[in-house]
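Analysis of the macromolecular model
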Amino acid sequence: MAILFQSSADRWADWQPPLTALLPGEEFRLHPGTGDPASIEFAVVWKPPIGLLASLPNLKGVLSLGAGVDHILADPTLPPNVPVVRLLDPSLAAQMAEYVTLAVLAHHRRRGDYAAQQRDGVWRVLDAPGATRRRIGIMGFGMLGEACAARLMPFGFPLAGWVRHAQTAEGVRMFAGTEQLAAFLACSDILVCLLPLTPATHGILNARALALLPNGAAVINVARGAHVVVDDLLAALESGHLSGATLDVFADEPLAPGHPLWHHPKVTVTPHIAAITRPAHAAPIIADTIQRLRAGRPVAGVVNRHKGY
Ligand code: OXD
């Protein structure tokens, strides 16, 4: 039996040394060199082609190379009873907390406005509330959301979190479900989107939701591009209702040349780098997951297909 690795071919060069060291004696196959499909027991994947997983009749587990699993669940032919496992990697959480803190502080301290002033040689002090009056709302409160909240807390920002089912978090005002979404948005001066992409969250940051944010709010999207209705975001920026946006993810990546977001003065664009899977950190987690699945032991991060994360 063998383990199939499917990502871009150049990524294998980084993954091969730690994976083969941690799983000695295992045979790895690099997609598209799958060999006999019946011999594949586990698939470690990033954006697998539709139908690939269904073509592996003896599959015992699908492991995502990232925190998100939407790229796997999007396949309508995905075998129904094979466990799909998210990557729960503290390194991803640490990187995400770093990126989100940078973006929050940039909006909080009006980094974009001062950069524009510097370009124009303008010396002017701009109004800004203290941290205790800048409310941060985090949508999605799993491992990554919790890490962001922990990093932001010492600054003194009032923190809120929004989740699907009621949950508590020390020092964070939690909101749950669609019935509490409006109240959550209304107290988010800086909104951070860390939601999983599911049919329920697709397009969740639309004109209606953005209008519920306080006037002058900023949006940080580090989840999936499809959470945001870009035309609605642009309209809210144009009208002045939103003061800015930091976007690391886009519905179509790479972001098309000439897309209006590239040069929008109130938008910061980065190329999906908020949290990058690093083989040295993630390979031990992947190896442990494979060993646990094989031994029938409990595994963290198994996706609930019904919820979509
Ligand atoms: C992920 C990502 O899901 O990088 O980890 O987007």
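Here's a quick rundown of the structure. Values in this document were obtained by computation on a predicted structure and should not be read as measured data. Throughout, a residue's number is its position along its own chain's written sequence, starting from 1. Totals for whole chains, interfaces and linings use all residues, but because this is a predicted model, local features are given only for residues with pLDDT of at least 70 and pairs of side-chain atoms are given and counted only at 80 or more. To get the side-chain values, all heavy atoms of the structure are used, and hydrogens and water are removed first.

**Examining the overall build of the protein**
For the purposes of this entry, the term helix denotes a DSSP run of H or I that reaches at least four residues, the term strand denotes a run of E that reaches at least two, and both are numbered from the N terminus. Counting secondary structure elements, the protein contains nine helices and twelve strands. Scaling as 2.2 N^0.38, a compact globule of 309 residues should have a C-alpha radius of gyration of about 19 Å, and the protein matches this with 21 Å. Seen through its C-alpha atoms, the protein measures out along the principal axes to roughly 65 × 40 × 35 Å. Counting all 309 residues of the protein, 48% fall into the buried class. Here a residue-residue contact requires only that any non-hydrogen atoms of the pair lie within 4.5 Å. Considering only contacts within the protein whose residues lie at least 6 apart along the sequence, 61% involve residues at least 24 apart. Here, Shrake-Rupley sampling with a 1.4 Å probe gives the accessible areas, and only protein chains in the shown set may cover a residue. Approximately 14,900 Å² of the protein is accessible, and the part contributed by carbon and sulfur atoms is 56%. Taking the average place of the 25 positive charges on the side chains of the protein and the average place of its 24 negative ones, the gap between the two points comes to 6 Å. To get the radius of gyration, use the C-alpha atoms; to get the globule rule, take the number of residues to the power 0.38 and multiply by 2.2 Å. The cut-offs for exposure are 20% and 50% of the maximum accessible area for each residue type, with area from a 1.4 Å probe on protein chains only; residues under the lower value are buried, those over the upper are exposed, and the others partly exposed. In summary, the charge assignment counts Lys and Arg as positive and Asp and Glu as negative, without counting His or the chain termini. Where a charge lies is defined by one atom per residue type: Lys uses NZ, Arg uses CZ, Asp uses CG and Glu uses CD.

**Here's the deal with the sheet that holds strand β3 (residues 40-45)**
Pairing in this open sheet of five strands is parallel, and the strands run β2-β1-β3-β4-β5 from one edge to the other. Either end of the sheet is taken by a strand with one partner, and the two such strands are β2 (27-30) and β5 (84-85). Two strands qualify as a pair provided that DSSP identifies no fewer than 2 bridges between them. In terms of strand pairing, strand β1 (residues 2-6) meets β3 through five bridges, oriented parallel. If you follow Ile3 over to β3, its bridge partner there is Phe42. Think of each axis as a best-fit line through the C-alpha atoms, taken over the contacting stretch in the case of a helix, with angles from 0 to 180 degrees between the N-to-C directions. Sheet contacts for helix α9 (residues 279-295): β1, β3, β4 (61-64) and β5; angle to β3, the most-contacted strand, approximately 150°.

**Some details on helix α5 (residues 143-152)**
Among all positions in α5, only Leu144, Gly145, Cys148, Ala149 and Leu152 are buried. Down the axis of α5, the buried set is contained in an arc of 135°. They therefore lie on one face. If you follow the buried residues of α5, they end up packed against α3 (90-108), β6 (136-139), β7 (159-163) and β8 (172-176). This arc describes the spread of directions from the helix axis toward the C-beta atoms.

**Structural notes on the sheet that holds β6**
On the basis of which strands lie adjacent, the open sheet formed by seven strands has the order β8-β7-β6-β9-β10-β11-β12 and parallel pairing. Since the sheet does not close on itself, it has two edges, and those belong to β8 and β12 (267-269), each with one partner. Averaged over all pairs of adjacent strands, the angle between their axes in this sheet comes to 15°, without regard to strand direction. In terms of strand pairing, strand β9 (residues 190-193) meets strand β10 (residues 217-221) through four bridges, oriented parallel. Across the sheet, the residue bridging to Ile190 is Ala218, located in β10. The strands that α3 touches are β6, β9, β10 and β11 (242-247); relative to β11, the one it contacts most, it runs at about 160°. Contacting β10, β11 and β12, helix α8 (residues 230-238) crosses the sheet at an angle of about 140° to β11.

**Details of the packing of α3 against α5**
When two helices pack together, their arrangement is given by the angle between the helix axes and by the axis-to-axis distance. In the contact formed by α3 and α5, the axes pass within 8 Å of each other and the chain directions differ by 50°. By the angle between their directions, the pair α3 and α5 is classed as oblique. Two packed elements cross with a definite hand, and for α3 against α5 that hand is right-handed. On the side of α3, the interface is formed by Pro90, Leu92, Ala93, Met96, Ala97, Val100, Thr101 and Val104, while α5 contributes Met143, Leu144, Ala147, Cys148, Arg151 and Leu152. Three classes are used: nonpolar for Ala, Val, Leu, Ile, Met, Phe, Trp, Tyr, Cys and Pro, charged for Asp, Glu, Lys and Arg, and polar for all others, with Gly counted as polar. Tallied by class, residues from the contact of α3 with α5 come to twelve nonpolar, one polar and one charged. For classification purposes, an angle smaller than 35 degrees is called roughly parallel, one larger than 145 roughly antiparallel, one from 65 to 115 roughly perpendicular, and anything else oblique. Crossing handedness is read from the near helix: turned anticlockwise from the far helix by less than a right angle, it gives a left-handed crossing, and turned clockwise, a right-handed one.

**Section: the nonpolar core**
Trp15, Val104, Ile136, Val192, Val222 and Ile286 are the most contacted members of the largest nonpolar core, which totals 49 residues. Ranked by residues supplied to this core, first place goes to α3 with eight residues. The next biggest cluster of nonpolar side chains, apart from the first, holds 31 residues, and it includes Ala160, Leu210, Ala223 and Leu233. Remark: nonpolar core denotes a set of buried residues (Ala, Val, Leu, Ile, Met, Phe, Trp, Tyr, Cys) joined through side-chain atoms within 4.5 Å.

**Some details on unusual backbone geometry**
Going from His31 to Pro32, the amide bond is cis rather than trans, its omega being 10°. With respect to the helices and strands, the residue Pro32 is situated in the loop between β2 and β3. Between Glu253 and Pro254 the backbone carries a cis peptide bond, its omega angle lying at -5°. Although it is not a glycine, Arg110 adopts a positive phi angle of roughly 55°. Mapped onto the elements, Arg110 comes out in the loop between α3 and α4 (111-119). The phi torsion at His272 lies on the positive side, around 55°, for a residue other than glycine. Inspection of the secondary structure assignment puts His272 in the loop between β12 and α9. The exposure class assigned to His272 is partly exposed, which follows from its relative accessible area of 26%.

**Re the environment of Asp36**
On the secondary structure map, Asp36 appears in the loop between β2 and β3. The sequence separation of Asp36 and Met1 amounts to 35 residues, and the corresponding C-alpha distance is 9.6 Å. Polar contacts involving the side chain of Asp36 include one to the main-chain amide nitrogen of Ala38, which spans 3.0 Å. Between N or O atoms, a polar contact is any pair within 3.5 Å; within protein, one atom must be a potential hydrogen donor and the other a potential acceptor, and residues adjacent in sequence are included only when both atoms are from side chains.

**Describing the site of the ligand**
It suffices for a single heavy atom of a residue to lie within 4 Å of a molecule or strand for the residue to be listed as near it. Taken together, the residues surrounding the ligand are Trp46, Gly66, Ala67, Gly68, Arg224, His272 and Ala275. In this structure, an oxygen atom belonging to the ligand sits 2.7 Å away from a main-chain N or O atom of Ala67. The separation between an oxygen atom of the ligand and a polar main-chain atom of Gly68 is 2.7 Å. For the ligand, whose unbound accessible area comes to 210 Å², protein coverage reaches 85%.

Shape is all these values report; function is a separate question.
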